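# Residue-level structural notes
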Amino acid sequence: MKTDPERFIRANTSLMAPPHVPEIRLHLASEAHELWLKTEEELEEIGLPPPFWAFAWAGGQGLARYILDHPETVAGRTVLDFASGSGLVAIAASRAGASHVLAVDIDPWAGTAIRLNAVENGVALDFDGKDIVGRAVDAQVILAGDVFYDRDFAASLAPWLRRLAGEGKAVLVGDPGRAYLPKDCLEKRATYQVPVTRALEDSEVKKTTVWRFLAG
């Protein structure tokens, strides 16, 4: 990496509580930080992939809220948080009593952000930076916030998650109405009105639903 991730994260974020999950504090970027203003070219210049880990996306906030409000979903169970980003959902799962939580994200910067955020919240998380789509999963519960934003990614993701559900795993996703959500194989569990930043989304509040994948 051209830039030290931990030093960069500490310099370009602040510890903030996502509005829908005030129990958790994360290293996040806001309009007050230069990171918010950097173009894709500027990020590439410093060796930084798009910093999804620096924002509390609506789907993740909704899913984290659901886990904290329904701890029986993960309590005493092994959990995998897919495309973990900031680690918000993984931290919520640990707080709710999961026996083990693995945060997975292909962005190595996310690994650093997740470690810093886990320490801030006093929880222990493991991290894996491999692309695991299509692979076998040992966890009993799979969580994924805001993952159906891209057509090709969704096309590979949905069959995998449905297969895992068919193996008896609980597969929960948080989604604020992204275009490629496969609603035909989902069961609604809860709906929230999640405050977000207009600069990231098309509104200041996003209706966000937590869904469970049906066995396929």
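Note that the structure is a prediction, hence the values are computed from the model and not measured. (Residues numbered from 1 in each chain as written. Predicted model: local features only at pLDDT ≥ 70, side-chain atom pairs only at ≥ 80, totals over all residues. Heavy atoms only, no water.)

### Points about helix H5 (residues 88-95)
Extensive coverage of H5 is indicated by the burial of seven of its eight residues. The set of residues buried in H5 consists of Leu88, Val89, Ala90, Ile91, Ala92, Ala93 and Ser94. In the core, the buried residues of H5 are packed alongside strand S2 (26-28), helix H4 (58-69), strand S3 (78-82), strand S4 (100-104), helix H6 (108-120) and strand S6 (141-145). Downstream of H5 by one or two residues, Gly97 has phi in the positive range, about 100°. (Buried < 20%, exposed > 50% of the residue type's maximum accessible area, 1.4 Å probe, protein only. Helix = DSSP H or I, 4+ residues; strand = E, 2+ residues; numbered from the N terminus. Contact = heavy atoms within 4.5 Å.)

### Re the packing of aromatic side chains
For the structure on display, the rule yields nine aromatic pairs. Between Trp53 and Trp109, the ring centres sit 6.4 Å apart and the planes meet at 10°, which makes this aromatic pair stacked. Separated by 56 residues along the polypeptide, Trp53 in the loop between helix H3 (40-45) and H4 and Trp109 in helix H6 bring together distant segments of the chain. Per residue, the accessibility class of Trp53 equals that of Trp109, and both read buried. On the numbers, 6.4 Å between centres and 35° between planes, the contact of Phe148 with Phe213 is tilted. Here the residue Phe148 occupies a position in the loop between S6 and helix H7 (151-166), and Phe213 occupies one in strand S9 (residues 205-213), the gap between them amounting to 65 residues. Given the relative accessible area of 0%, Phe148 is considered buried. Ring pairs connect the aromatic residues Phe52, Phe55, Trp57, Phe82, Tyr149, Phe153 and Trp160, which therefore count as one cluster. (Phe/Tyr/Trp six-rings, centres within 6.5 Å; stacked < 30°, edge-to-face > 60°.)

### Describing the pairing of S4
Bridge count for S3 against S4 is five bridges, and the pairing is parallel. Residue pairing in the sheet places Leu80 in a bridge with Leu102 of S4. Once you follow S3 into H5 and on to S4, the crossover reads as right-handed. Where S4 and strand S5 (residues 126-128) come together, three bridges link them in parallel fashion. Residue pairing across strands places Leu102 opposite Asp126, the latter belonging to S5. Tracing the backbone out of S4, into H6 and back to the parallel element S5 gives a crossover that is right-handed. (Pairing = 2+ DSSP bridges. Right-handed = clockwise from strand over helix to strand, strands pointing away.)

### Examining the pattern of salt bridges
Using the criterion set out here, one finds nine salt bridges in the structure. For Glu6, the salt bridge goes to Arg115, with nearest N and O atoms at 2.9 Å. Linking Glu6 in helix H1 (residues 5-12) with Arg115 in helix H6, this pair joins segments that are 109 residues apart in sequence. We classify Glu6 as partly exposed; its relative accessible area is 26%. Residue classification places Arg115 among the partly exposed positions, given a relative accessible area of 43%. A salt bridge links Asp146 to Arg178; the nearest nitrogen and oxygen atoms lie 2.6 Å apart. Pair noted here: Asp146 is in the loop between S6 and H7 and Arg178 is in the loop between strand S7 (170-175) and strand S8 (186-195), with a separation of 32 residues, a long-range link. The exposure classification of Asp146 matches that of Arg178, with both residues buried. Here the residues in one salt-bridge network are Glu6, Arg10 and Arg115, joined through shared partners. (Salt bridge = Lys/Arg side-chain N within 4 Å of Asp/Glu carboxyl O.)

### Observations concerning the nonpolar core
Counting 49 residues, the largest nonpolar core has Trp53, Ile67 and Leu143 as its most contacted members. Once you skip the residues sitting within four places of it in the chain, Leu143 turns out to touch Leu63, Ile67, Val79, Leu80, Asp81, Phe82, Val89, Ala93 and Leu172. Formed by 24 residues, the second largest nonpolar core is a distinct cluster that contains Leu80, Leu157, Cys185 and Leu186. (Core = buried A, V, L, I, M, F, W, Y, C linked by side-chain atoms within 4.5 Å.)

### Observations regarding a negative patch on the surface
Among the surface-exposed residues, Glu40, Glu41, Glu42, Glu44 and Glu45 lie close enough to one another that they form a single negatively charged patch. Mapped onto the secondary structure, Glu40 falls in helix H3. (Patch = residues over 30% accessible without salt bridge, like charges linked within 9 Å, V, L, I, M, F, W, Y side chains within 5 Å. Areas by Shrake-Rupley, 256 points an atom, 1.4 Å probe, with all protein chains shown as cover. Lys, Arg positive; Asp, Glu negative; His and termini not counted. Charge placed at Lys NZ, Arg CZ, Asp CG, Glu CD.)

### Re the environment of Trp53
Assessed through its relative accessible area of 1%, Trp53 is described here as buried. Each C-alpha atom, one on Trp53 and one on Ile132, is 18 Å from the other, the two residues being 79 residues apart in sequence. Every residue in contact with Trp53, bar those within four places of it in the chain, is listed here: Ile9, Thr13, His27, Leu28, Leu35, Leu48, Gly85, Ser86, Asp107, Trp109, Ala110 and Ala113.

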